[in-house]
Amino acid sequence: MAKINVNLGLCSYDIIIGENVISSLSNRLEKLHLSKYQPVVVTNEVIYKLYGNFLKKQFKSHSQLSFIKVPDSEKAKSWQVLFNVLKTIVSFDKGKNIFLVALGGGVVGDLTGFVAAIYKRGIPYIQLPTTLLAQVDSGIGGKVAVDLSWGKNLIGAFYQPKIVISEIGFLNTLPTREIRNGFSEIIKCGIIDGELFSLLEANRSSILDVSSPKMLKIIKKCAQLKAAIVEKDEFDSKDIRIALNLGHTIGHAMESAFKYAMITHGEGIALGLIAESIISNKIGILSRKNLDRIISLIVDLKCLPIVRKTIKIADIVSYLPYDKKNKFGQSRLVVPSKIGGVKIVTGLDEKIIESSIKDALEYL
Ligand SMILES: NC(=O)c1ccc[n+]([C@@H]2O[C@H](COP(=O)([O-])OP(=O)(O)OC[C@H]3O[C@@H](n4cnc5c(N)ncnc54)[C@H](O)[C@@H]3O)[C@@H](O)[C@H]2O)c1
Ligand SMILES: [Zn+2]
């Protein structure tokens, strides 16, 4: 078991990671003074079928437990689903104090956190991440949001959970594609923290096995890295948290080009990591040797999109803030500077970006 504290003054909280840590849920809620509050669990049908009854047993001191099921996949991070969830919460909230429980991956976590942030100007919520991606990344740090048709995460907030309980046992039912999805964010963390990258490289043949004892170490390392970055730059205003955006500028454009269907978030990020590393190499920052190490790890762990549909570079570029049609002010991109470091670059030549995306697509 590992316990990491995210030190944010009055908004500090713990991240608990391990096998069977969910059994401590009731005690932990008591310590957080949430025993008298009524829990409302937000989840989806897939996760409910797998863990709904199991979770009911964990809320030992709560006589009443309500569930709200949202659609599976990115579709749930929509204005309409947000409105429906709020409407249901109003019907549950008959003068009682309620708190929200996000039981699911990054989609459920981002949506639930945003609902918690805006309902009655903020109610408590906890994160019970059930995907690897959510345990290593999205469940931590309080960036919560839903999408608009014009782009991803366009309405959101910074709103921290009361606790994050990352039950490793949940990962046993996760499809391999979703494990790989999580590994894209883990590789991103590895590029920021070189020691983690070397650990992944050295164990590349067995690292996808969620039952391996190394899994706790990896999730813990990512959570520590994210917690440390969030502590220094909670509101993403000091050019520190931006490091976690590595791979995401091109990755998000890739997700948008695929209309959030056919590829997972992590698959978009894997392509983004390769393209942004190629850019870094082309402009003389990242060495060829380190570029090859990054590409080789991503390719070996099969994190790239599995769709072979031809995607036009122009489609991806149209979703980038660099595109001539968009006016987002001065464009900035985080790129790897080495294994264990990133750099923010500005004023990039569009031709370099386009040719790097083209080169990255060759790996599909
Ligand atoms: N807030 C942040 O800081 C942050 C960081 C990274 C990503 N994100 C967001 O996270 C989202 C992606 O999250 P995700 O990759 O977890 O996807 P997801 O939430 O869609 O979950 C992936 C799939 O796995 C299923 N699933 C979840 N847990 C399961 C389990 N234990 N067993 C079997 N199936 C399970 C889900 O039903 C879903 O079909 C994106 O919207 C992305 O923008 C947010
Ligand atoms: Zn991400």
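Each chain has its residues counted from 1, following the order in which its sequence is written. The order in which chains are written sets their letters, starting at A; the order in which ligands are written sets their numbers, starting at 1. The predicted origin of the model limits local features to residues at a pLDDT of at least 70 and limits the giving and counting of side-chain atom pairs to 80 or more, whereas totals for whole chains, interfaces and linings rest on all residues. Processing note: side-chain calculations cover all non-hydrogen atoms of the structure and skip hydrogens and water entirely.

### Things to note about helix α2 (residues 45–58)
Then comes step 1: Along its 14 residues, α2 runs 19 Å from first to last C-alpha, staying within 8% of the 20 Å computed at 1.5 Å per residue.
Then comes step 2: Three or more residues of α2 are buried, namely I47, Y51, G52, L55 and Q58.
Then comes step 3: At its buried positions, α2 is contacted by α1 (25–31), β3 (38–44), β4 (66–70), β5 (98–104) and β6 (125–129).
Then comes step 4: Each polar contact in these results corresponds to two N or O atoms within 3.5 Å; when the atoms are within protein, one needs to be able to donate a hydrogen and the other to accept it, and residues that are neighboring in sequence are counted only if both atoms are side-chain atoms. Comment: elements are numbered from the N terminus, with helices defined as DSSP H or I runs of at least four residues and strands as E runs of at least two. The distance from a side-chain oxygen at the start of α2 to the backbone nitrogen of V46 is 3.0 Å, and the residue carrying that oxygen is N44. A helix's residues, less one, multiplied by 1.5 Å, set its expected span. Here the term buried applies to any residue with accessible area under 20% of the maximum for its type, exposed to any over 50%, and partly exposed to those in between, with areas from a 1.4 Å probe on protein chains only. Residue contacts are defined here by distance: any two heavy atoms, one from each residue, within 4.5 Å place the two residues in contact.

### Concerning the environment of V345
Then comes step 1: On the secondary structure map, V345 appears in strand β11 (residues 341–346).
Then comes step 2: By relative accessible area, V345 is classed as buried at 8%.
Then comes step 3: Contact partners of V345, with chain neighbours within four places excluded, come to I283, I285, S331, R332, L333 and V335.

### Thoughts on the domain arrangement of the protein
Then comes step 1: Segmentation of the protein into domains returns domain 1 (2–173) and domain 2 (177–361).
Then comes step 2: With 28 residues of domain 1 at the interface, the matching set in domain 2 holds 27 residues.
Then comes step 3: Any carboxyl oxygen of Asp or Glu within 4 Å of a side-chain nitrogen of Lys or Arg constitutes a salt bridge here. At the surface where domain 1 touches domain 2, the tally comes to 4 salt bridges.
Then comes step 4: The shortest N-O distance in the salt bridge between D236 and K143 comes to 2.7 Å.
Then comes step 5: Breaking the side of domain 1 that touches domain 2 down by element, the ones donating at least two residues are β1 (2–6), β2 (13–18), α5 (132–138) and β8 (151–158).
Then comes step 6: If one sorts the elements of the side of domain 1 that touches domain 2 by residue count, α5 sits on top with 6 residues.
Then comes step 7: The class makeup of the residues in the side of domain 1 that touches domain 2 is 13 nonpolar, 11 polar and 4 charged. These domain boundaries are the output of an automatic or database domain assignment. Charged means Asp, Glu, Lys or Arg here, nonpolar means Ala, Val, Leu, Ile, Met, Phe, Trp, Tyr, Cys or Pro, and polar covers whatever is left, Gly included.

### Considering helix α6 (residues 176–192)
Counting along an α-helix, one turn takes 3.6 residues, and residues three or four places apart therefore face a common direction.
Then comes step 1: Between its first and last C-alpha, α6 extends 25 Å over 17 residues, near the 24 Å set by a 1.5 Å rise per residue.
Then comes step 2: The buried fraction of α6 is high, at 13 of 17 residues.

### Quick word on the coordination of the zinc ion (ligand 2)
Then comes step 1: Taken together, the protein ligands of the zinc ion (ligand 2) are E185 (OE), H248 (NE2) and H265 (NE2), with distances of 1.9 to 2.1 Å.
Then comes step 2: Water is not part of the atom set, so a site may look incomplete; the donors themselves are N, O and S atoms within 2.8 Å of the metal, or 3.2 Å for Na, K and Ca. When the donors of the zinc ion (ligand 2) are listed by position in the chain, the intervening gaps give E-x62-H-x16-H. Pair noted here: E185 is in helix α6 and H265 is in helix α10 (residues 265–282), with a separation of 80 residues, a long-range link. Considered together, E185 and H265 belong to a single accessibility category, that of buried residues.

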